[in-house]
Amino acid sequence: MCVCAPNHVVAKSHFWYFVSQLKKMKESSGEIVYCGQVFEKSPLRVKNFSLWLRCDSRSGTHNMYGEYGDLTTAGAVTQCYRDMGARHRARAHSVPITKVGEIAASKCRPPAVKQFHDSKITFPLPGFFVHGCNCLVPQANLMSPVT
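Below is a short write-up of the structure.

The rules we used
- Residues numbered from 1 in each chain as written.
- Predicted model: local features only at pLDDT ≥ 70, side-chain atom pairs only at ≥ 80, totals over all residues.
- Heavy atoms only, no water.
- Pairing = 2+ DSSP bridges.
- Helix = DSSP H or I, 4+ residues; strand = E, 2+ residues; numbered from the N terminus.
- Axes fitted to C-alpha atoms, helices over the stretch in contact; angles between N-to-C directions.
- Buried < 20%, exposed > 50% of the residue type's maximum accessible area, 1.4 Å probe, protein only.
- Contact = heavy atoms within 4.5 Å.

**Overview of the pairing of strand β2 (residues 61-70)**
With 10 bridges connecting them, strand β1 (residues 47-56) and β2 associate as antiparallel partners. Of the residues in β2, the one forming a bridge with aspartate 56 is threonine 61. Counting the residues between successive antiparallel strands, the hairpin from β1 to β2 contains 4 residues, one of them, glycine 60, with a positive phi of roughly 155°.

Structural data, given as structure tokens:
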């Protein structure tokens, strides 16, 4: 089971919470063998991640699915937490992520993720100006008058 948490103490707590919901098991009757961070095999390549999560809202518990484009799994999880906080006002402790997976570009569904799949995509350069332009020459004399 993969648990997304800010540190190992919270990760162990979340793990026992999920296991107690899935099976009739307590922390005293089990043991965590390994708790560590999972690193990416290729962190310099942009990938599409799919996240399955459960959100506790005011009206009940809802299962949700989201897709995000990022370099690492941790970056996609961070995007998910920020997206859930912005759109649904959900705090990170009430959004347990149950499954994270990498998906192919052809399997992506949201248009917000698909718009960056074009290989010839270009972005405008903000603040770009031509240095040989006459519009930057001052029109008035900047020296103070000598009397």
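**A few points about the sheet that holds β2**
Read from one edge of the open sheet, 3 strands run β2-β1-β3, paired in antiparallel fashion. The open sheet is flanked by β2 and β3 (97-103), the only strands paired with a single partner. Taken pair by pair, the neighbouring strands of this sheet meet at an average axis angle of 20°, ignoring direction. One ladder, built from 6 bridges, connects β1 with β3; its direction is antiparallel. Bridged to serine 50 within β3 is glycine 101.

**A word on the environment of lysine 114**
Relative to the assigned elements, lysine 114 resides in helix α3 (residues 111-114). Residue classification places lysine 114 among the partly exposed positions, given a relative accessible area of 44%. Each C-alpha atom, one on lysine 114 and one on glycine 69, is 9.1 Å from the other, the two residues being 45 residues apart in sequence. Filtering out sequence-adjacent residues up to four positions away, lysine 114 remains in contact with Cys108 and Arg109.

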